[in-house]
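For reference, the chains in residue letters:
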Amino acid sequence: MRGARRAAVALLAVSLALTGCAGGAADSADSKGLSAEKPANGAAADRGHESGSGSARGPEEAAADQKKPADVPRQQHVIRTAELTVEVEDAVEALAAARRVAEGAGGQVSDESTDRLDETHMTSRIVLRVPQDRYASVLEELAGTGRLLSRKAEAKDVTEQVVDVESRIATQRASVDRVRTLMNRAERLSDVVTLEGELSRRQADLESLLAQRASLKDRTTMATITLELTEKEDSGAAGSEDRPGFLEALAGGWNALVTVLAWVVVVLAALAPWLAVALALYLVWRMLVRPRSRPRPPRRADGGPAGEPDTSSDRTTAST
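First, a word on scope: everything that follows refers to the structure included in this document. (Residues numbered from 1 in each chain as written. Predicted model: local features only at pLDDT ≥ 70, side-chain atom pairs only at ≥ 80, totals over all residues. Heavy atoms only, no water.)

1. Some points on the side chain of threonine 159
Assignment of secondary structure puts threonine 159 in helix H6 (residues 159-185). Judged by its relative accessible area of 6%, threonine 159 is buried. A distance of 2.6 Å separates polar atoms of two side chains, one belonging to threonine 159 and the other to aspartate 157. (Helix = DSSP H or I, 4+ residues; strand = E, 2+ residues; numbered from the N terminus. Buried < 20%, exposed > 50% of the residue type's maximum accessible area, 1.4 Å probe, protein only. Polar contact = N/O pair within 3.5 Å; in protein donor to acceptor, adjacent residues only side chain to side chain.)

2. Quick word on the pairing of strand S5 (residues 222-231)
Of all ten residues that make up S5, eight are buried, and the element is covered over most of its length. Judged from the eight bridges that link them, strand S1 (residues 78-88) and S5 form a sheet pairing that is parallel. The residue bridging threonine 85 from the neighbouring strand is glutamate 228, located in S5. The sheet contact formed by strand S3 (residues 122-131) and S5 spans nine bridges and is antiparallel. What sits directly across from serine 124, in S5, is leucine 229. (Pairing = 2+ DSSP bridges.)

3. Topic: the packing of aromatic side chains
This model, assessed by the stated rule, comprises one aromatic pair. Arranged with centres 6.1 Å apart and planes meeting at 35°, the rings of tyrosine 282 and tryptophan 285 form a pair that is tilted. Of this pair, tyrosine 282 and tryptophan 285 both sit in helix H9 (residues 246-293), separated by three residues, roughly a single helical turn. On the basis of relative accessible area, tyrosine 282 is assigned to the partly exposed category, the value being 41%. With relative accessibility at 41%, the residue tryptophan 285 sits in the partly exposed group. (Phe/Tyr/Trp six-rings, centres within 6.5 Å; stacked < 30°, edge-to-face > 60°.)

4. Describing the layout of surface pockets
If you add up the space inside the largest pocket, you get close to 220 Å³. In terms of lining residues, the largest pocket is bounded by 15 residues, among which His77, Leu216, Lys217, Thr220 and Thr221 are the most central. If you list the elements that add at least two residues to the lining of the largest pocket, you get S1, H6 and helix H7 (189-221). No other element matches H7, which puts six residues into the lining of the largest pocket. Tallied by class, residues from the lining of the largest pocket come to five nonpolar, six polar and four charged. (1 Å grid on protein atoms, 1.4 Å probe; cavity = no way out; pocket = protein on both sides within 12 Å on 5 of 7 lines; lining within 4 Å. Points joined across faces, edges and corners; volume = space filled by probe spheres on them. Nonpolar A, V, L, I, M, F, W, Y, C, P; charged D, E, K, R; others polar.)

5. Examining the pairing of S3
It is a general feature of regular strands that their side chains alternate between the two faces of the sheet. For S3, a buried count of eight out of ten residues is recorded, marking the element as mostly surrounded by other parts of the structure. As paired strands, strand S2 (residues 108-116) and S3 are joined by eight bridges and run antiparallel to one another. By the bridge assignment for S3, glutamate 112 is matched with isoleucine 126. Hairpin connection from S2 to S3: five residues lie between these consecutive antiparallel strands.

6. Description of the sheet that holds S3
Strands in a sheet are paired, the pairing made by backbone hydrogen bonds, and the direction either parallel or antiparallel. Strand order in this open sheet of five strands is S2-S3-S5-S1-S4, and the pairing throughout is mixed. On the outer flanks of this sheet lie S2 and strand S4 (147-157), each paired with one strand and no other. Across this sheet, the average inter-strand angle for adjacent strands is 10°, counted without regard to direction. (Axes fitted to C-alpha atoms, helices over the stretch in contact; angles between N-to-C directions.)

Spelled out as structure tokens, the structure:
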């Protein structure tokens, strides 16, 4: 019995030793396989870790990331413009008031022009840039400076355009960084020259996109208001101007006479070649064609013309 027990213990020890050796070999093989697969899948694992799709983040963090874009509302970008035409008593005073309103709202004057139509009437045009949050209040104040003749307001939503430009800027920056990395690794001169040209082109595209973003930001943060100021015309002066005076009538008649004479001279100048040709044809007909076309008178026996009287017999009678 003691021998059988000893044999059983020996067999159990041998089996356990063999199992431990097999497990160690399997563990070493698994560790080698993982170490071999790690370099090949390193980039994919890094990208998965950066994008937040790795399994190590956990389901709660992934669900929180999915809720963030839905919870945060997207900012709206709107370009606002307005045009006002106001009739005022004094355009200069109203123009100064419009400047004060714009500066008080934190805006500025972008463009200004003034035209004097006559001694008593003038018009002004001013372009104001004001913040978006003060746009409505400034518009109401400018419309109340006089009698409102016309008003036009426009709001253009450019949110999609802003988002598109931002996305293109991010992509273009990544493209520029990749080209710079390739330039640092390039060894041949031809590769460096090619990459420099590509880098210049991509940087130019990036600068163009940055300029577009700056323009969109300026137009969406500052509203544009165009104000036209016109003075009220005097009805008495307008009536007196409608009735012409003696000098104006005389000047109008003289202008009409000069105009008619000018047209007569123009018509004669246009007919001069035709009149010259007609006169030449008339002279040719008078000198050459007309004498030949006349009928000749019949001759008498003595050779004289038939129409002339015979004076020979009269001479003979007188001598006798």
